[in-house]
Amino acid sequence: MCFVSFFMIDRVFTGYIGSRYAIKQTEKEFGVNTADAGYVHFVTRNIKQDISDKVHEYMSTLPEVVRSGYIVSETLFEDEDESIQVNMIDKDIAAIGNLMLSDEDKKILENIGEDERIVFAGYNYRKQYHAGDMINCYVDDDIGQIKIGGILKKGAGWIHEDRLFKGSYGKWDNYTLDDSMIVIAGSLKKELEGVDSGYAHEIYFQCESGTFDEVTDKIKKFCYDEGITVNISNYKDEIDKEKEDSSIVDDTVFIAAIMITVLAVVSIAASNIVYCLMRRKHYGIMLANGMCKADIIWLIAMQNVIVMVLAAVAAWIVRLRAEFETLFPKKVLEETGRLYEGAYVAHMHYMPVILIISVMILLVISCVIPAVMIGRTSLADMVSGRSEG
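The structure displayed is predicted, hence computed values, not measured ones.

Draft legend 1. Looking closely at the pattern of salt bridges. This structure, assessed with the given rule, holds 12 salt bridges. Here Arg338 ties to Asp173 by a salt bridge, and the two come within 3.2 Å at their closest N and O atoms. Taken together, the positions of Arg338 in the loop between α10 (330–336) and α11 (341–376) and Asp173 in the loop between β7 (142–151) and β8 (181–185) put the pair 165 residues apart, joining distant regions of the chain. Taken individually, Arg338 and Asp173 each receive the classification buried, so the pair is uniform in this respect. Put simply, Lys241 and Asp245 hold a salt bridge, and the shortest N to O gap is 2.8 Å. Here the residue Lys241 and the residue Asp245 both occupy positions in helix α6 (residues 235–245), the gap between them amounting to four residues, near one helical turn.

Here it is as structure tokens:
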């Protein structure tokens, strides 16, 4: 019963803490109020990029739209020809992410020409690259070079494309850019001209405070008149929905975990009572030979500790294997980026503490009744086999 209880506790809190961690890290990726930022997704099949460009051009005329642009993928190559999958973004939307650019970096962005590209390397590349260095990249199906404009501060991040949660594009897709890079372009017109004719990129944008709904209505009306089907998502709505979905109060598994934990406490307490009744003569002999009642209570507690600790460790290991399909999840984390990071932090960092606290609580509760029984029973009653005097 203890094992099942700890297993359920681990399952509930790993999921809950992992989700809260993901929400917190996602919110840090934004450099603006998430209520004012979102993206336009094109639903119609076989839609061409020129349709997206038409909508983008219309959005540029709206006074409430502060900035808008595109995000595409780019491949960079280190000196050892190791590839790095990165985002290439329009400079106009750079402020949406939490890039933590210095004033000097911002001036560099302002002076980028339409056909220019510049790379900002993550904090952990600070010893490998410096401002002014060149890094290899794909240019027109050939290898070219892009200038590194600077090194980002530790913790700088960029928003996750489209869906914020429950997805990862691989080992480079992390909550921060510390181990990655980002390419900022004066314009992505050239890259977008080469995309598949049956695909249109999402448009990312930021509105003036409190105008997102108004802008959404205007874009939808324009698209309706043009015969274009779109979905417009707000990042704050996505975050709020994730908070609601990950609420622990309405989780049936959480309720089941509480019920099983209560049963575990009752079963342990009952077994301790039966054990004390069966062993009362032995306890009487122990008392007659110089032991005190506190020693006997401590002995019972240590027996319970062994059972509970073994159950907690076993549950933690089984949950580790179930969550990551391995007993060594560090490699899984490195290969999947943000996908398992929340679960990893929750299970490896928080769950040992939570399980220790759970063991202590169960131990105290389950030992109360045996302690009262032993405390109220005299030496003569123990030796004679009576439970109380």
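Draft legend 2. Molecular detail of the pairing of strand β10 (residues 230–234). Here β10 shows a buried face lined by Val230, Ile232 and Asn234 and an unburied face lined by Asn231 and Ser233. Pairing between strand β1 (residues 37–42) and β10: five bridges, direction antiparallel. Bridge pairing links His41 to Asn231 in β10.

Draft legend 3. Quick peek at the nonpolar core. Judged by nonpolar contacts, the single largest core of 39 residues is most densely connected at Val40, Phe42, Val55, Leu76, Met181, Phe205 and Ile219. The biggest single contributor to this core is helix α5 (residues 212–226), with five residues. The next biggest cluster of nonpolar side chains, apart from the first, holds 32 residues, and it includes Ala22, Ile23, Ile93 and Ile118.

Reading guide: rules and limits
- Residues numbered from 1 in each chain as written.
- Predicted model: local features only at pLDDT ≥ 70, side-chain atom pairs only at ≥ 80, totals over all residues.
- Heavy atoms only, no water.
- Salt bridge = Lys/Arg side-chain N within 4 Å of Asp/Glu carboxyl O.
- Helix = DSSP H or I, 4+ residues; strand = E, 2+ residues; numbered from the N terminus.
- Buried < 20%, exposed > 50% of the residue type's maximum accessible area, 1.4 Å probe, protein only.
- Pairing = 2+ DSSP bridges.
- Core = buried A, V, L, I, M, F, W, Y, C linked by side-chain atoms within 4.5 Å.

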